[in-house]
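The chain contents come next:
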Amino acid sequence: MLRLAVALLVCLSVRAADPVPFSHKRHAPLKLDCVYCHATAKTGERASYPKSSVCKTCHVDKATALAKTDRIEPETSVYMLAEFAYFSHAKHTGAKIACQKCHGEVWTMEEVTQVLPMTMKACVSCHRASHAPTACNKCHELGQ
Ligand code: HEC
Ligand code: HEC
Ligand code: HEC
Ligand code: HEC
Ligand code: HEC
């Protein structure tokens, strides 16, 4: 999988304070698995973002002051639910729903754009269609 990496000397000339640019489209030819970077997308509630050490597998990068453990994450997320709604990636990927179903074809995207709206309606209409639970307390803690 990392054959290409050997010949790679891409220099990311960004300062640590700036958000590190990342384009899925640019990385599409590498055919990486999503969980290569979003490590807990199949096992956790959150998908999570990669540490810079993951990037450094391929990018020799003396220009940045990023620690290996710093995560490469957007300043403002495209996908973000309010605190009062419960969502779990593991429960959905466990039900064999592809990432693309909710996030679209990210490999064609320079910047990630929203496919699944962050609304209750979007969740509930798929739950109805796929006979998944629609009881309020599946997604909301009641009695507070
Ligand atoms: C080489 C690492 C890498 C791979 C592989 C990768 N991503 Fe990402 N992804 C990132 C990084 C870094 C970000 C955050 C940067 C940004 O959005 O500006 C991100 C952001 C995202 C976001 C946006 C989250 C938000 O709320 O803003 C989604 C959705 C996403 N990725 C889905 C996927 C899916 C689905 C796949 C597989 C088809 C995938 N990614 C493969 C590195 C990767
Ligand atoms: C498996 C190897 C691999 C990994 C892992 C990887 N990249 Fe890349 N990256 C590449 C390759 C190959 C290119 C060149 C693509 C091209 O020429 O368009 C590239 C291009 C880029 C570019 C564009 C550089 C330019 O000259 O415009 C940026 C920025 C970048 N990667 C950031 C990241 C970040 C941030 C991460 C970690 C979240 C990451 N990459 C992880 C292989 C990788
Ligand atoms: C059923 C729809 C659905 C599926 C399938 C899905 N996601 Fe998500 N994703 C979401 C929602 C909703 C959020 C926002 C979650 C929140 O704010 O609690 C999200 C958030 C994210 C984020 C933002 C960061 C984070 O930690 O949550 C990334 C990255 C991401 N998803 C990647 C993936 C990947 C990779 C897959 C496939 C393995 C995937 N998603 C499958 C709906 C989905
Ligand atoms: C693409 C269709 C689809 C979308 C969109 C979707 N879900 Fe689901 N969801 C499912 C399926 C299928 C299951 C699994 C049902 C099962 O395991 O029997 C599930 C399971 C769940 C569960 C676990 C239910 C349980 O029994 O414990 C929760 C919580 C949940 N979804 C919340 C959400 C939220 C919140 C959203 C919107 C942000 C959302 N879902 C969007 C299809 C979807
Ligand atoms: C499949 C998951 C799911 C189920 C089932 C669900 N909700 Fe929601 N609900 C959400 C999400 C997601 C939001 C929007 C969160 C956000 O704005 O980020 C939301 C928002 C809300 C809001 C805030 C107002 C609004 O419309 O944005 C209320 C009130 C609410 N839900 C009540 C309920 C009640 C009552 C039930 C049962 C009849 C229910 N929900 C069932 C996921 C769900």
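Provided above is the structure to which this section pertains.
All figures in this text were calculated on a predicted structure; none of them were measured in a lab.

**Some words on the overall build of the protein chain**
Tallying secondary structure elements over the protein chain gives six helices and zero strands in all. Helices (α) and strands (β) of the protein chain occur, in sequence order from the N terminus, as α-α-α-α-α-α. Every one of the 144 residues in the protein chain was classed for burial, and the buried ones make up 4%. For the protein chain, contacts bridging at least 24 residues in sequence account for 59% of all contacts bridging at least 6.

**Regarding the environment of S88**
By the element assignment, S88 lies in the loop between helix 2 (52-55) and helix 3 (89-94). By the C-beta count within 10 Å, which is 12 here, S88 ends up exposed. Sequence separation between S88 and A41 is 47 residues; the distance between their C-alpha atoms is 8.9 Å.

**Examining the site of ligand 4**
Ligand 4 sits among 21 residues. The nearest are F87, A95, C123, C126 and A132. The element best represented in the shell around ligand 4 is helix 5 (residues 120-129), accounting for four residues. Of the residues contributing to the shell around ligand 4, the split by class is 14 nonpolar, four polar and three charged.

**Digging into unusual backbone geometry**
Even without a glycine there, the phi angle at K96 is positive, about 65 degrees. Position of K96 relative to the elements: it lies in the loop between helix 3 and helix 4 (99-103). One non-glycine residue with positive phi stands out, namely H131, at about 55 degrees. Classification of H131 by C-beta neighbours within 10 Å gives exposed; the count is 7.

**Looking at the site of ligand 1**
In the vicinity of ligand 1 lie 21 residues, with C34, C37, S77, V78 and C99 positioned nearest. Elements with a contribution of two residues or more to the shell around ligand 1: helix 1 (24-27) and helix 4. Looking at the shell around ligand 1, its residues break down into 15 nonpolar, five polar and one charged.

Rules behind the numbers
Residues numbered from 1 in each chain as written. Chains lettered and ligands numbered in written order. Predicted model: local features only at pLDDT ≥ 70, side-chain atom pairs only at ≥ 80, totals over all residues. Helix = DSSP H or I, 4+ residues; strand = E, 2+ residues; numbered from the N terminus. Buried ≥ 20, exposed ≤ 12 C-beta atoms within 10 Å, placed from the backbone. Contact = placed C-beta atoms within 7 Å. Near = placed C-beta within 6 Å. Nonpolar A, V, L, I, M, F, W, Y, C, P; charged D, E, K, R; others polar.

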